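Residue strings, one per chain:
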Amino acid sequence: MRYLEPLLVAVGVCGIFGLWEAMVAGGIINARIAPPPSTIAPMLVELLGRANVIRSLGVTLYEVAVAFLISVPVGFFIGFTLAEMPGLGAVFRPVVNFLFGVPKSIFLPIFILIFGVGIEQKIAFGVFTTVFVLILGGISAVESVPRELVTVARAYGANRLQVVREIYLPAMAPVLLESARLGMIFNITAVLLAEIYGARDGIGYRIAGWGESLQMPQLYAALAIVATLAIAVNELLQQLETRLGAWRQRPA
Amino acid sequence: MLRTPSQIRWAQAALAAVILAGWELLPRFGVIPKLFVPSLSEAIGALYEYRAEYLAHLPATLVEILVSYLLACGGGVTLGMLIASSPRARRMALPVLRSAYAVPMVVLYPVMMVWFGLGMGSKVAFATVFAFVPTLLTTVAGVASLSPHLLETARAFGASRWQRILYVQVPASLPTLIAALRLGGALVIVGVTVAEMLGAVEGLGFLITRHRTLLNSPGVYGGIILVLVITSGHEVLLRRLERRVEKFRES
Amino acid sequence: MTQSAVSVRAVTQHFTVEGQSTVALDAIDLEIPPGQFVALVGPSGCGKSTLLSLVAGLRLPTGGTLLCNGEPIVGPVPQRIGMIFQEANLLPWLTALENVAFPLKLRGVPKRERLEAARAMLELTGLGNFADRLPHQLSGGMKQRVSIGRGLVQDPGVLLLDEPFAALDEQTRMVLGDEVLRIWARTGKTVMFVTHNLSEAVYLADRIIVFSARPGRIVDDVPVDLPRPRTFSMMSSERFGALKDRIWAHIRDADH
Ligand SMILES: Nc1ncnc2c1ncn2[C@@H]1O[C@H](COP(=O)(O)OP(=O)(O)OP(=O)(O)O)[C@@H](O)[C@H]1O
Ligand SMILES: [Mg+2]
């Protein structure tokens, strides 16, 4: 019973690939624009053996990582500040909400005007897209700390530092991680979009190139690599979130 | 200093004034290069100057948005409601959808261009795919967070699956549905403009990219302002809908 | 005359919210000898919680002084005064044992030592078998037992309880009330116990302080002359009823 549902899901996913393969073989789908899994899989292995593809992947990962490492402290810091200073927070709230709602992608051309098409532009655009998620995450993390627990800690003699370490951090950790995970999804999307739009290297740049030159097996194999990496990163952060938030009562 | 509501409102107004004044003055006096950020008046001026062009390209964008909206939100909400009506399907679908949500769908645009070409087809297909998973996920997760008693009670009264969906699940999850539409609609608008920016022959996104290639930054900002008007319009519409639904639920 | 465990002298507390000032406590005088079990009752909003938070050192009064064993209270002194709240307010990410040990952790007591002390406390409150449970895996009554253990773990001379059983059902409330009495008899602590339940007040206390509402003032100081140990059957005695009536009269009047 416990294994039945995941098994069904796995069978379903395999079924889709099988159907795809069969439809190409039966001539229902054009193999030129949608090569079957049996063509894509070997290409995937081949791509992972090419030095320039690996380098492009490295460039993308570097951009994603740097943008994330900048966004997290900056976003959380702004979020905490706005949450801890209620007056200031109330004043800036509409601006933050507006900027959060604004679609970031349409500003991409401006980042080319300012930064060109190099790595800095990808990082800057990644930060620009991600930081608002983390600001809101920081605010709601602070707001999720139960006031009563702060009172308890104070009644038992906690000083400021102890209140932060013993109450704020553990109480906020799951919310912070959740927003970091969401931010990471936005971040990866932003960097890849920037690479497809205009770049000199990166896996997004390669994907755009393979699309233009109709090299479909390469294109699909690259999509598979990107999707797998993104899911893996998400899964990793999700695991951490679950572990640190095990004390949260979850509806069954 | 910032305590009472009226003080806060004054400060907010002041902040808005400072932002707008900064946007106008900083580029004007060369503190920010005009290529990066043209002054507010120049951006609005560009909107007027190129009005014929923008108007000519607006219909294509709006049609693409409308069609993708129907496909992504209609499809996402309907499928979501169906999946959510069965606890088992819900349990199986949620982890798959959460993983799918993590996949950066932008990488699919090159594929869409191969399949559907430079015209409207690839925009509609991309925006639909781009918005579909989040809409579906929001719907399923929203229904999953409803109290299970509600559906069980309906089942105890002998309601069929379709009756349960139509008379219990849909009314109970109206706020969720609106949240799904709100997110899905916003993503459709982004999807369409992004697709137009990446490769197209018409539409607002196409204009934005063309002005960028010509290093005409007022033209770029004009286009961006127009897209923001569309997203804000969508937001306002859905807020209204939300309020109407709340009123309806209260009565 | 022996020194009071808690002295409240001409204590006044004002609150100002958006320019509106309320007098929560108005010139309160109260001397509590060591080992006394005092119940505080009064209409909602009369300042009972405020008084406890002042004794706990969580805030400083607008006027007057508070003393604990003759020394001024200027901030929380958890080794002398333990506080137990209406909601158990356990830290949800700590186990029952770690929650009880929490005050010791704040004081920098080494892990082995504090967990040992906490385990003894859990045994005392009857939760020895639930040491490793997280709060959301405990019932309401069990959580409140943990919270009592946390209040006792530093062996403070004074125990403050702010409606500790208000969120519990009647039976659990009775059982825990007996539990508190048992611990009190064993340890001889001074107790200040806020409650809205008049039977509970009479059943538990040596002395009942009755407050009036806005401004909060003491309107009666009722000695409870029922013998100890208290028993369930006393609750139907005439004396018990008379004490309840006397208190109820004040509260009913205060509401008009
Ligand atoms: N932090 C605060 N800020 C402003 N006013 C407060 C604050 N704390 C208490 N008050 C006010 O002081 C008065 C006394 O409050 P308190 O909580 O002490 O009452 P209480 O006797 O404990 O009531 P209850 O029985 O309902 O718990 C109330 O009028 C309340 O509104
Ligand atoms: Mg109170």
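Residues numbered from 1 in each chain as written. Chains lettered and ligands numbered in written order. Predicted model: local features only at pLDDT ≥ 70, side-chain atom pairs only at ≥ 80, totals over all residues. Heavy atoms only, no water.

Enquirer: Let's hear about the packing of helix H3 (residues 51–84) of chain B against helix H8 (residues 161–172) of chain B: which residues, and what values?
Expert: Residue and element names in this part refer to chain B. Contact geometry for H3 and H8: axes closest at 10 Å, N-to-C directions at 110°. Looking at the two axes, H3 sits roughly perpendicular to H8. The handedness of the crossing between H3 and H8 comes out as right-handed. Packed against H3, whose contacting residues are Met81, Leu82 and Ala84, the element H8 presents Arg161, Trp162, Ile165, Gln169 and Val170 at the interface. Of the residues contributing to the contact of H3 with H8, the split by class is 6 nonpolar, 1 polar and 1 charged. (Axes fitted to C-alpha atoms, helices over the stretch in contact; angles between N-to-C directions. Helix = DSSP H or I, 4+ residues; strand = E, 2+ residues; numbered from the N terminus. Parallel < 35°, antiparallel > 145°, perpendicular 65-115°, else oblique. Left-handed = near helix turned anticlockwise from the far one by under 90°. Contact = heavy atoms within 4.5 Å. Nonpolar A, V, L, I, M, F, W, Y, C, P; charged D, E, K, R; others polar.)

Enquirer: Please provide a residue-by-residue account of the interface of chain A and chain C, values included.
Expert: Taken together, the 19 residues of chain A in the interface contact 19 residues of chain C. Summed over both sides, the interface between chain A and chain C buries roughly 1900 Å², with carbon and sulfur atoms accounting for 71% of that surface. A per-residue breakdown of the area chain A buries against chain C is headed by A:Tyr156, A:Glu166 and A:Trp247, which together make up 40% of the total. Along the contact surface separating chain A from chain C lie 1 salt bridge. (Buried area = accessible area lost by both parts, 1.4 Å probe. Salt bridge = Lys/Arg side-chain N within 4 Å of Asp/Glu carboxyl O.)

Enquirer: For the site of ligand 1, give the residues involved together with the corresponding values.
Expert: Residue and element names in this part refer to chain C. The full set close to ligand 1 counts 14 residues, and Ser44, Gly45, Lys48, Ser49 and Thr50 are the nearest of them. Contact distances for ligand 1 include 3.0 Å between an oxygen atom and a backbone N or O atom of Gly47. Of all the secondary structure elements, the ones that give two or more residues to the shell around ligand 1 are strand S1 (6–17) and helix H1 (48–55). Ranked by residues supplied to the shell around ligand 1, first place goes to H1 with 3 residues. (Near = heavy atom within 4 Å. Polar contact = N/O pair within 3.5 Å; in protein donor to acceptor, adjacent residues only side chain to side chain.)

Enquirer: Explain the pairing of strand S4 (residues 63–68) of chain C residue by residue, including any values.
Expert: All names here are of chain C. Across 5 bridges, S1 lies against S4 in antiparallel orientation. Looking across to S4, one finds that Val8 is bridged to Leu66. Counting the residues in the hairpin turn of S4 and strand S5 (residues 71–72) gives 2 residues, including Asn69, whose phi is positive at 50°. (Pairing = 2+ DSSP bridges.)

Enquirer: Help me get a handle on the domain arrangement of chain C, residues and values and all.
Expert: Residue and element names in this part refer to chain C. Taken domain by domain, chain C holds domain 1 (35–61 + 71–80 + 158–256) and domain 2 (88–155). Between the C-alpha centres of domain 1 and domain 2 there is a distance of 24 Å. A buried area of about 1200 Å², summed over both sides, lies between domain 1 and domain 2, and 65% of it is on carbon and sulfur atoms. Where domain 1 touches domain 2, the interface holds 2 salt bridges. Arg145 is paired through a salt bridge with Glu179; the nearest N and O atoms lie 3.1 Å apart. Between the two partners, domain 1 and domain 2, sit 4 residue pairs in polar contact (both at pLDDT 80 or more). (Domains from an automatic or database assignment.)

Enquirer: Outline the sheet that holds S1(C), listing residues and values.
Expert: Residue and element names in this part refer to chain C. Read from one edge to the other, the open sheet built from 4 strands follows the order S2-S1-S4-S5, with strand pairing classed as antiparallel. Both edges of this open sheet fall to strand S2 (20–32) and S5, since each of them pairs with a single strand only. Note: S4 against S5, 2 bridges, orientation antiparallel. Bridge pairing links Leu67 to Pro72 in S5.

Enquirer: How would you summarise the interface of chain B and chain A if you had to cite specific residues and measurements?
Expert: At the junction of the two partners, chain B supplies 41 residues and chain A supplies 48 residues. Counting across the chain B and chain A interface gives 0 salt bridges. No other element matches the 8 residues that helix H4 (residues 87–102) of chain B contributes to the side of chain B that touches chain A. Along the lines of polarity and charge, the residues of the side of chain B that touches chain A split into 31 nonpolar, 6 polar and 4 charged.

Enquirer: Before we move on, can you summarise the packing of helix H6 (residues 119–143) of chain A against helix H8 (residues 160–197) of chain A with the specific residues and values?
Expert: Residue and element names in this part refer to chain A. Taken N-terminus to C-terminus, the directions of H6 and H8 make an angle of 155°; their axes are 8 Å apart at the nearest point. Comparing the axis directions of H6 and H8 gives the class roughly antiparallel. The interaxial crossing formed by H6 with H8 has right-handed handedness. When grouped by side-chain class, the residues that make up the contact of H6 with H8 number 16 nonpolar, 10 polar and 2 charged.

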